[in-house]
Amino acid sequence: MPRLSEVIAALDALWPPSRAEQWDAVGTVCGDPDAGIERVLFAVDPVQEIAEEAIRLGAQLIVAHHPLYLRGTTTVAADHFKGRVVHTLIKNDIALHVAHTNADSADPGVSDALAGALDLRVLGPLVPDPTDPAGRRGLGRICEPEHPETLAAFAERAAKRLPATAQGIRFAGDPEAVVRRVAVSGGSGDSLFDAVRAAGVDAFLTADLRHHPVSEATQHSPLGLVDAAHWATEWPWCEQAAAQLDEISDRHGWNLRVHVSHTVTDPWSSRFSSPGAPN
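Residues numbered from 1 in each chain as written. Predicted model: local features only at pLDDT ≥ 70, side-chain atom pairs only at ≥ 80, totals over all residues. Heavy atoms only, no water.

Visitor: Explain the overall build of the chain residue by residue, including any values.
Guide: Along the backbone of the chain there are nine helices and 13 strands. Its C-alpha atoms give the chain a radius of gyration of 19 Å, within 12% of the compact-globule value 19 Å for 279 residues. In terms of overall dimensions, the chain has C-alpha extents of about 55 × 45 × 30 Å along its principal axes. Contacts spanning at least 24 positions in sequence make up 65% of the contacts within the chain whose residues lie at least 6 apart. (Helix = DSSP H or I, 4+ residues; strand = E, 2+ residues; numbered from the N terminus. Rg over C-alpha atoms; globule rule 2.2 N^0.38 Å. Contact = heavy atoms within 4.5 Å.)

What follows is the structure, encoded as structure tokens:
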């Protein structure tokens, strides 16, 4: 049975904390470095539901994509929902480790997993990491579908392939426009519009697209925009990351049991379509 410190060293080799954005909060949040690890649970959000799922599984480690304390804190008191997560984890000897923007820009990273879920062929990063001589790391990915398709068909494929959420998939642009090359970025991506335009793609799939950036982008060019739920665009990374840890476990003879949470932690729980709204 490996110790937590050994598993964390392997995870840090996959997603070095030094490659996280300066504002980010990655790494180990809680856990005894000498504790033995038998089961690991991967999830997008380190929320109470995930902590309780880890207890039911008998997991000793949660690997989450999103930080628990992105902006820091002065207390972990259990009368706050984040503090309650910490108390739950520590009481049950469960460690928490976060790989966020260091996993976004990795090779393979979050956007590779998103592209894989959509059966897209990855051509390269949307925003290359200048420290990577191979040119494979960076934010987002430029991709190609197997065959050209309409924007509507591409959006429909995203709706079928990504995990179901209350939001579903929205798209902006000519439904009949032909999509030959696309950009994808897991998580919030409307800060990448300049790079998307420079890439000369036909469509951009990401999450959390806001009114004004979308309005400006659609006025700027015929670029098709596909907006998915934030959680849905990042969940495929959990499967990819779990497979990576499985391979490491096999190589080292650790015999880890690695699980992926299917609990939907997207915060939107339901919706009503406006009468007469376009489909």
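Visitor: Now, about the environment of H212: what can you tell me, with residues and values included?
Guide: Structurally, H212 can be placed in helix α8 (residues 211-220). Note on H212: relative accessible area 57%, which makes it exposed. Spatially, the C-alpha atom of H212 lies 9.9 Å from that of D190, the residues being 22 residues apart in sequence. (Buried < 20%, exposed > 50% of the residue type's maximum accessible area, 1.4 Å probe, protein only.)

Visitor: So what's going on with the packing of helix α2 (residues 48-57) against helix α3 (residues 81-91)? Residues and values would help.
Guide: Closest axis-to-axis distance for the α2/α3 pair is 9 Å, and the angle between their directions is 10°. The orientation of α2 with respect to α3, classified from their angle, is roughly parallel. Here α2 contributes Q48, A51 and I55 to the contact with α3, which in turn contributes R84, V85, T88 and L89. When its residues are assigned to classes, the contact of α2 with α3 shows four nonpolar, two polar and one charged. (Axes fitted to C-alpha atoms, helices over the stretch in contact; angles between N-to-C directions. Parallel < 35°, antiparallel > 145°, perpendicular 65-115°, else oblique. Nonpolar A, V, L, I, M, F, W, Y, C, P; charged D, E, K, R; others polar.)

Visitor: Which residues make up the environment of A51, and what values go with them?
Guide: When you line up the elements, A51 lands in helix α2. Residues A51 and R84, spaced 33 residues apart in sequence, show a C-alpha to C-alpha distance of 9.8 Å. Excluding residues within four positions of it along the chain, A51 makes contact with I62, T88, L89 and I94.

Visitor: Describe the packing of aromatic side chains, with residues and values.
Guide: Tallied over the full model, the rule gives four aromatic pairs. Here the aromatic cluster, defined as three or more aromatic residues joined through ring pairs, consists of W15, F42 and W237. (Phe/Tyr/Trp six-rings, centres within 6.5 Å; stacked < 30°, edge-to-face > 60°.)

Visitor: Could you give an account of the sheet that holds strand β10 (residues 182-188), naming the residues involved and the relevant values?
Guide: Sheet architecture is open: six strands sit in the order β5-β6-β10-β11-β12-β8, paired in mixed fashion. Looking at strand neighbours, the two that pair on one side only are β5 (121-128) and β8 (170-172), the edges of this open sheet. Along the sheet, successive strands turn relative to each other by an average axial angle of 25°, direction set aside. (Pairing = 2+ DSSP bridges.)

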